[in-house]
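Here's the letter readout for the chains.
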Amino acid sequence: MLMKILVVAIALALTALTCWWFFGNFDKKQAHAEIINGQQEGRVVVKGGYEPEVLYLKQGVPAEITFDMEDQTACLSRVVFPDLGVDQDLTLAKESKIVIPTDKKGEIDYACGMNMFHGKVIVQ
Ligand SMILES: [Cu+2]
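Residues numbered from 1 in each chain as written. Predicted model: local features only at pLDDT ≥ 70, side-chain atom pairs only at ≥ 80, totals over all residues. Heavy atoms only, no water.

If you look the chain up in an unreviewed UniProt entry, it shows as Cupredoxin-like domain.

Encoded structure:
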């Protein structure tokens, strides 16, 4: 009996480790925007969610995020930034640019049109 519990415990631990390995891919989950000639360029791939989920911007540098549409589902067809009053249809072009104000530090959340998938921009 004790042996069975031990085997189950080890199996669970291995499963947890595997999940962490695959889903805890932090490189894909967050990124810093590139600064080119005094302009920040962020890039978010829309494919079954947002990649990266968290994008860091530098305060005071004009910024723009390009949403690269790789998803065919209706779910992700719109991106909504409630704080910015942005509700952009991403199906009009492969790439859609959205200007992000960087005058003050803080977090700017965005989501798909149904508020199911979430992403975040952090100005710091
Ligand atoms: Cu959705």
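S.K.: Could you clarify how one ought to interpret the sheet that holds strand β11 (residues 118–123) in this entry?
M.R.: Each strand in a sheet pairs with another by means of backbone hydrogen bonds, the pair being arranged parallel or else antiparallel. The strand order across the open sheet built from six strands is β1-β5-β11-β10-β7-β8, with neighbouring strands paired in mixed fashion. Both edges of this open sheet fall to β1 (30–32) and β8 (86–89), since each of them pairs with a single strand only. Across the sheet, the mean angle separating the axes of adjacent strands is 20 degrees when strand polarity is ignored. Pairing of strand β10 (residues 106–112) with β11 involves six bridges; the strand directions are antiparallel. In the sheet register, Glu107 faces β11, and the bridge partner there is Ile122. (Pairing = 2+ DSSP bridges. Helix = DSSP H or I, 4+ residues; strand = E, 2+ residues; numbered from the N terminus. Axes fitted to C-alpha atoms, helices over the stretch in contact; angles between N-to-C directions.)

S.K.: Would you take a moment to explain the pairing of strand β7 (residues 78–81) for this structure?
M.R.: Only one face of β7 is buried: it carries Val79 and Phe81, and the other face, with Arg78 and Val80, is open. Pairing between β7 and β8: four bridges, direction antiparallel. Following the sheet pairing, Phe81 is matched in β8 by Val86. Hairpin connection, β7 to β8: the antiparallel pair is bridged by four residues, and Gly85 has positive phi, about 70 degrees. Where β7 meets β10, two bridges bridge the pair, whose relative direction is antiparallel. Considered in β10, the bridge of Val80 is made with Ala111. (Buried < 20%, exposed > 50% of the residue type's maximum accessible area, 1.4 Å probe, protein only.)

S.K.: Could you clarify how one ought to interpret unusual backbone geometry in this entry?
M.R.: Among all residues save glycine, negative phi is the norm, and among peptide bonds the norm is trans. Between Glu51 and Pro52 the backbone carries a cis peptide bond, its omega angle lying at 0 degrees. Relative to the assigned elements, Pro52 resides in the loop between β4 (50–51) and β5 (54–57). Of note in this structure, Asn37 is not a glycine but carries a positive phi near 50 degrees. Relative to the helices and strands, Asn37 resides in the loop between β2 (34–36) and β3 (39–46). On the basis of relative accessibility, which here comes to 80%, the residue Asn37 falls in the exposed class. Positive phi, close to 60 degrees, is recorded for Asn115, a residue that is not glycine. Tracing the sequence through the fold places Asn115 in the loop between β10 and β11. For Asn115, a relative accessible area of 53% translates into the label exposed.

S.K.: Can you walk me through the pattern of salt bridges in this structure?
M.R.: Proximity of charged atoms lets side chains of opposite charge pair with each other. Taken as a whole and assessed by the stated rule, the structure comprises seven salt bridges. Of the charged contacts in the structure, one is a salt bridge between Glu53 and Lys29, with a shortest N-O distance of 3.7 Å. With Glu53 in the loop between β4 and β5 and Lys29 in helix α2 (residues 26–29), this pair connects stretches of sequence that are 24 residues apart. Among the residues examined, Lys29 registers a relative accessible area of 30% and is labelled partly exposed. Between Lys94 and Asp68 there is a salt bridge; the shortest N-O distance is 2.4 Å. Taken together, the positions of Lys94 in the loop between β8 and β9 (95–100) and Asp68 in strand β6 (residues 63–69) put the pair 26 residues apart, joining distant regions of the chain. You can call Lys94 partly exposed: its relative accessible area is 47%. Given a relative accessible area of 7%, Asp68 falls into the buried group. Linked by salt bridges that have partners in common, Arg43, Asp68, Glu70, Lys94 and Glu95 make up one network. (Salt bridge = Lys/Arg side-chain N within 4 Å of Asp/Glu carboxyl O.)

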